[in-house]
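Here is how the chains run, residue by residue.
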Amino acid sequence: MKIKNILVCFLLVSICAISTSIAQSLEQRIDALVSAQYPVNEPGATVLVAKNGKVMYRKAFGKANLELDVPMQPDNVFQIGSITKQFTAVAILMLEEEGKLSVTDKLSTYISDYPKGDQVTIHQLLNHTSGIKSYTGVPSFMEMVRTDMTPLELIGKFRDIDYDFEPGEKWLYNNSAYIILGYIIEEVSGMSYEDFIEQKLFEPTGMTHSLYGSLTELIPNRASGYQANGSGFRNADYLSLSLPYAAGSIMSTVDDLLLWEQAIRKNHLISSGSKNKAFTPGRLNNGDALDYGYGWFVGNIQGSETIEHGGGIFGYTTMGIYVPSEDIYAVVLTNRNDKAPSDLTVKIVAEVLGKSYDIKPVSLTNSQLEKWVGSYAFEDDAIRFISLDKGTLFSQRKGSDKRPLIPISENEFAFEDGLVHIRFGRDQGKRTAIFNSRNNSYKGAESDIEAPTARVEIELSPDKLKEYEGTFEIQPGFGIVVSARGKQLFGMATGQPEVEFFSEAEDKFFLKVVDAQIEFERVDGKVTGLTLHQGGGQMKGVKK
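Calculation rules
Residues numbered from 1 in each chain as written. Predicted model: local features only at pLDDT ≥ 70, side-chain atom pairs only at ≥ 80, totals over all residues. Heavy atoms only, no water. Helix = DSSP H or I, 4+ residues; strand = E, 2+ residues; numbered from the N terminus. Rg over C-alpha atoms; globule rule 2.2 N^0.38 Å. Contact = heavy atoms within 4.5 Å. Lys, Arg positive; Asp, Glu negative; His and termini not counted. Charge placed at Lys NZ, Arg CZ, Asp CG, Glu CD. Pairing = 2+ DSSP bridges. Buried < 20%, exposed > 50% of the residue type's maximum accessible area, 1.4 Å probe, protein only. Polar contact = N/O pair within 3.5 Å; in protein donor to acceptor, adjacent residues only side chain to side chain. Axes fitted to C-alpha atoms, helices over the stretch in contact; angles between N-to-C directions. Parallel < 35°, antiparallel > 145°, perpendicular 65-115°, else oblique. Nonpolar A, V, L, I, M, F, W, Y, C, P; charged D, E, K, R; others polar. Salt bridge = Lys/Arg side-chain N within 4 Å of Asp/Glu carboxyl O. Expected span 1.5 Å × (residues − 1). pLDDT = per-residue confidence, 0-100. Phe/Tyr/Trp six-rings, centres within 6.5 Å; stacked < 30°, edge-to-face > 60°. Lys NZ or Arg CZ within 6 Å of the ring centre and 35° of its normal.

Bringing the overall build of the chain into the picture now. Helix and strand counts for the chain come out as 12 helices and 29 strands. For 544 residues, the compact-globule estimate of 2.2 N^0.38 gives 24 Å, and the chain sits close to it at 25 Å. Residue pairs at least 24 apart in sequence account for 57% of intrachain contacts in the chain once pairs closer than 6 positions are excluded. Across the chain, the centroid of the 55 positively charged side chains sits 5 Å from that of the 70 negatively charged ones.

Written out as structure tokens, the structure reads:
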């Protein structure tokens, strides 16, 4: 009997030791993923992972404030950007359950004179199929980023702009639609949007560190937002939070967002029927399925369905992913605009699922690689050129830069991040390719389209590159910051990540990430402006 008890105890201790080893291994893998993207002396991130509602990983990386040299803490508060949209969607569904509106209602019910308002439904506003022009995509948006506006004043800035398409005909991510939804919430509830989400969503859920964003209130543990520039980082541009409004003005923490996820999962705020509406992909008028419900994208990670959304706002980028089948939730909040956590969060979830995106390369001969070289036309209208250079296969989408392909079998190759694969094959003697990203798959076939002639780069001296440094204003509030570092020149457009400029002649540069060219202008030998050539158009910038 004693021997049996000792044996049982030994087995239990062994199992616990194995479990601890696995947990430590997972923690170390997540640590490595996050620390590689958010170094200790740069703006950072907070990360939380939970399974079955229990926190299994919660850490902070980098700095919450560079000027004061304050390390990030897990309870820091961030602007969460477009993750706000799921709160707006839930508010609409709560009001529908109360009988105060229906997602089939027409926009004209709430704004009687809105153009084509009798053709647009709340449903189409929620799933980005209304066709209404998104105000953040209009060049004049940057002229008003510092101006406080009421919801109706903001709606007035885009209501008379032509629709992008007829309602229900296409899908296009749309911030204007969620501004209108915020206004509808106010009209139907008799409360301000701010009061509604704080009293009806945050308080019942226990989200005591979440709020409608403010740049003037004293907010304990607020992480400062930063934008990258040529010399490092600068404070994020000012943005009146009356503009993101119901599309992106909420502030929160990783802990509060876990409470939010649990409240939705357990149907504490809306019924399972309403939740299914939010989590079910919509369809276009022609029946084509979308990958968006109400306030959430529907995707998958290595075959496991996900419900997810990210956000980006001046100085902050965010991502939250839920895996219903495994009850796993992961959220990453950052205080920088140049390293979005979307792919990182996907990789973290994949690690927890035991479905890592780690690449296991194989060795192939030149002859095995050469048979896939050529041009391929895909069903999403993309043209990809496959080339071979010094034993490495490269993929180049038309108008973009070459990216190396890592062989994982004789006919399947992965991009460096591991999230995207290309699988080659043959059909009736003709070469084919399938481009697999995380949520999409596109078939392609060999084409006779010729690869573009490579641009010839030239090297300019560091002193010459210094002549191009400065801020070039394209329009009020929007411009390009150009900076030189050694023998490299970089540019960063307002609200966008930094990219490298490559010289093909003195005063003439090109980009590799997109098909674009920069031409600098001089007066009396001094650089006074630039012209950006992209997509058949051009934009001029004046040096400030």
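Spatial strand order, E5-E9-E6: three strands in an open sheet with antiparallel pairing. Because the sheet does not close on itself, it has two edges, and the strands there are strand E5 (78-79) and strand E6 (211-212).

The next thing to look at is the environment of His123. With respect to the helices and strands, the residue His123 is situated in helix H3 (residues 122-126). Look at His123 and you get partly exposed, because its relative accessible area is 27%. With 83 residues separating them in the primary sequence, His123 and Gly206 have C-alpha atoms 29 Å apart. Aside from chain neighbours lying at most four places away, what touches His123 is Val103 and Tyr294. A polar contact of 2.6 Å, which involves the side chain of His123, links it to the side chain of Tyr294.

The geometry of helix H2 (residues 84-97) relative to helix H6 (residues 193-205) is characterised by a closest axis approach of 11 Å and an angle of 80 degrees between their N-to-C directions. Relative to H6, the element H2 is oriented roughly perpendicular. Every residue of H6 that contacts H2 at Thr84, Phe87, Thr88, Val90, Ala91, Met94 and Leu95 is listed here: Tyr193, Phe196, Lys200, Leu201 and Phe202. Here the contact of H2 with H6 is composed, by residue class, of nine nonpolar, two polar and one charged.

Before going further, it helps to examine the environment of Gly299. Take Gly299: it is sitting in strand E10 (residues 297-301). Setting aside its immediate chain neighbours within four residues, Gly299 contacts Ser304, Glu305, Thr306 and Asn439.

By definition, the strands of a sheet pair up through backbone hydrogen bonds, in either a parallel or an antiparallel sense. Spatial strand order, E14-E15-E16-E17-E18-E19-E20-E21: eight strands in a closed barrel with antiparallel pairing. Between one strand and the next, the sheet's axes are offset by a mean angle of 35 degrees, whatever the strand orientation.

What follows covers the pattern of salt bridges. Tallied over the full model, the rule gives 27 salt bridges. Between Lys487 and Glu459 there is a salt bridge whose closest N-O contact spans 3.1 Å. Here Lys487, found in the loop between strand E23 (478-485) and strand E24 (488-493), pairs with Glu459, found in the loop between strand E21 (441-447) and helix H12 (462-466); they are 28 residues apart in sequence, far enough to count as distant. Of the two residues, Lys487 and Glu459, neither departs from the other in class, the shared state being exposed. In this structure, Lys464 and Glu467 form a salt bridge, with 3.5 Å as the shortest nitrogen-oxygen distance. A single network of salt bridges, built from pairs that share partners, joins Lys464, Glu467, Glu506, Asp507 and Arg522.

Before going further, it helps to spend a moment on H2. When the terminal C-alpha atoms of H2 are compared, their 20 Å separation across 14 residues agrees well with the 20 Å that a helix rising 1.5 Å per residue should span. Counting buried positions along H2 gives 13 out of 14 residues, so the element sits mostly inside the fold. With its phi angle positive at about 80 degrees, Gly99 sits one or two positions after the end of H2.

What follows deals with helix H8 (residues 254-265). Along its 12 residues, H8 runs 16 Å from first to last C-alpha, staying within 8% of the 16 Å computed at 1.5 Å per residue. Among the 12 residues of H8, nine are classified as buried, and the element is accordingly described as predominantly covered. Of the residues trailing H8, Asn267 is marked for its positive phi of about 60 degrees.

The next thing to look at is the confidence of the model for the chain. For the chain, per-residue confidence averages 91 on the pLDDT scale, and 93% of positions sit at 70 or higher. Segment residues 1-21 is flagged for pLDDT under 50; beyond a separation of four residues in sequence, or across chains, it makes zero contacts in the model.

This part takes up the pairing of strand E14 (residues 374-378). Among the five residues of E14, four are classified as buried, and the element is accordingly described as predominantly covered. Pairing of E14 with strand E15 (residues 383-389) involves four bridges; the strand directions are antiparallel. Across the sheet, the residue bridging to Gly374 is Ile386, located in E15. As paired elements, E14 and E21 share four bridges and run antiparallel to each other. Bridge assignment links Ala377 to a residue of E21, and that residue is Ala445.

Now for the packing of aromatic side chains. Enumeration according to the criterion identifies 21 aromatic pairs in this entry. Between Trp171 and Tyr173, the ring centres sit 6.4 Å apart and the planes meet at 50 degrees, which makes this aromatic pair tilted. Looking at Trp171, the relative accessible area reads 27%, which means it is partly exposed. Judged by relative accessible area, Tyr173 falls into the partly exposed class, the value being 25%. Grouping aromatic residues by their ring pairs yields a cluster made of Trp171, Tyr173, Tyr292 and Phe297. Sitting over the ring of Phe435, Arg384 keeps its end group 3.6 Å from the ring centre.

As paired elements, E15 and strand E16 (residues 392-397) share six bridges and run antiparallel to each other. Across the sheet, the residue bridging to Phe385 is Gln396, located in E16. Hairpin connection, E15 to E16: the antiparallel pair is bridged by two residues, and Lys390 has positive phi, about 55 degrees. Bridge count for E16 against strand E17 (residues 402-407) is four bridges, and the pairing is antiparallel.

Look at Asp69: it is not a glycine, yet its phi comes out positive at around 55 degrees. Relative to the elements of secondary structure, Asp69 occurs in the loop between strand E3 (63-65) and strand E4 (70-71). One non-glycine residue with positive phi stands out, namely Asp327, at about 50 degrees. Following the sequence through the fold, Asp327 ends up in the loop between strand E12 (316-323) and strand E13 (328-334). Since its relative accessible area comes to 12%, Asp327 is described here as buried.

With that settled, consider the side chain of Arg438. When you line up the elements, Arg438 lands in the loop between strand E20 (430-436) and E21. There is a polar contact of 3.1 Å between the side chain of Arg438 and the backbone oxygen of Asn300. Side-chain polar atoms of Arg438 contact the side chain of Glu308, separated by 2.5 Å. Setting aside residues no more than four positions away along its own chain, Arg438 makes contact with Asn300, Ile301, Thr306, Glu308, Val346, Tyr357 and Leu419.

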